[in-house]
Amino acid sequence: MRSITLAATLALATALAATTALAAAGDTYKAKKAACRERAKTMEFGIHLIKKNRWVKDCIAGKHPA
């Protein structure tokens, strides 16, 4: 009985750690996206929204330093 409880606790702790890691990765992505959008606002894209969105995606991917 004790080993089952220990195994369940370990599994729960592992799942919680994985969820925390994913949340941190999501926060990093959101921060990078916000920085890239701010930089894109200073550029002259005019009415070319698709070009601007493509640039932001490339910036997030690392093709343009933010």
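The structure under discussion appears in the preceding block.
Below, the structure is looked at part by part.

What counts, and where the lines are drawn
Residues numbered from 1 in each chain as written. Predicted model: local features only at pLDDT ≥ 70, side-chain atom pairs only at ≥ 80, totals over all residues. Heavy atoms only, no water. Disulfide = S-S within 2.5 Å. Helix = DSSP H or I, 4+ residues; strand = E, 2+ residues; numbered from the N terminus. Buried < 20%, exposed > 50% of the residue type's maximum accessible area, 1.4 Å probe, protein only. Core = buried A, V, L, I, M, F, W, Y, C linked by side-chain atoms within 4.5 Å. Salt bridge = Lys/Arg side-chain N within 4 Å of Asp/Glu carboxyl O.

Under the definition given, this model contains 1 disulfide. Disulfide pairing is shown between Cys-36 and Cys-59; the S-S distance is 2.1 Å. Judged by the sign of its S-S torsion, about -75°, the bond between Cys-36 and Cys-59 is left-handed. Residue Cys-36 is located in helix α1 (residues 2-41), and its partner Cys-59 is located in helix α2 (residues 49-61); the two are separated by 23 residues in the primary sequence. Under the relative-accessibility criterion, Cys-36 is labelled buried at 0%.

In this section: the nonpolar core. Of all hydrophobic cores here, the largest spans 7 residues; its members are Cys-36, Ala-40, Phe-45, Trp-55, Val-56, Cys-59 and Ile-60. Those elements that provide at least two residues to this core are α1 and α2. With 4 residues, α2 is the largest single contributor of residues to this core.

Our next topic: the pattern of salt bridges. Scanning the model with the defined rule gives 2 salt bridges in all. For Lys-41, the salt bridge is made with Glu-38, and the minimal N-O distance between the two is 3.4 Å. In this pair, Lys-41 and Glu-38 are both assigned in helix α1, 3 residues apart and thus about one turn of the helix distant. Assessed through its relative accessible area of 56%, Lys-41 is described here as exposed.

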